[in-house]
Amino acid sequence: KEITPEIIALAGGKGSELGTGGMATKLRAATMVTEAGIDMIIAHGSEPDCLYDIVAGKSVGTKFFAKQ
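Asker: Explain the pattern of salt bridges to me, and be specific about the residues and the numbers.
Answerer: Under the definition given, this model contains two salt bridges. For Asp53, the salt bridge identified is with Lys58, shortest N-O distance 3.5 Å. The exposure class assigned to Asp53 is partly exposed, which follows from its relative accessible area of 27%.

Given below as structure tokens:
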């Protein structure tokens, strides 16, 4: 329900050589987005068809809910 600095620290470093950021970067982005009042989902990038499932409301990835 809350992304704390401790959770971000557990996420580790930069990620793979092919990516632009690791999980810590994604969690920081989720914090910014949810504080702006927007839901966010982190999903597997090598499976682009999962976007259809997300739009259909299926449980895909990790959803972060907007702060009211």
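Asker: I'd love a proper account of the environment of Met23, names of residues and values included.
Answerer: Positionally, Met23 belongs in helix α2 (residues 23-35). For Met23, a relative accessible area of 40% gives the class partly exposed. A C-alpha to C-alpha distance of 9.4 Å links Met23 and Ile42, two positions 19 residues apart in sequence.

Asker: Would you mind going over the nonpolar core in detail, with residue names and values included?
Answerer: Ile8, Ala24, Leu27, Ala30, Met40, Ile42 and Phe64 form the largest nonpolar core, which has seven residues in total. For this core, the elements supplying multiple residues, two or more each, are α2 and β1 (40-42). No other element matches the three residues that α2 contributes to this core. In this view, Ile42 contacts Met23, Lys26, Gly61, Thr62 and Phe64; residues no more than four positions away in its chain are not counted.

Asker: Break down the environment of Gly12 for me, citing the residues and quoting the values.
Answerer: The topology assignment puts Gly12 in the loop between α1 (5-10) and α2. Classification of Gly12 by relative accessible area gives partly exposed; the value is 40%. Put simply, Gly12 and Met23 are eleven residues apart on the chain and 6.8 Å apart in space, counted from C-alpha to C-alpha.

Quick notes on the rules
- Residues numbered from 1 in each chain as written.
- Predicted model: local features only at pLDDT ≥ 70, side-chain atom pairs only at ≥ 80, totals over all residues.
- Heavy atoms only, no water.
- Salt bridge = Lys/Arg side-chain N within 4 Å of Asp/Glu carboxyl O.
- Buried < 20%, exposed > 50% of the residue type's maximum accessible area, 1.4 Å probe, protein only.
- Helix = DSSP H or I, 4+ residues; strand = E, 2+ residues; numbered from the N terminus.
- Core = buried A, V, L, I, M, F, W, Y, C linked by side-chain atoms within 4.5 Å.
- Contact = heavy atoms within 4.5 Å.

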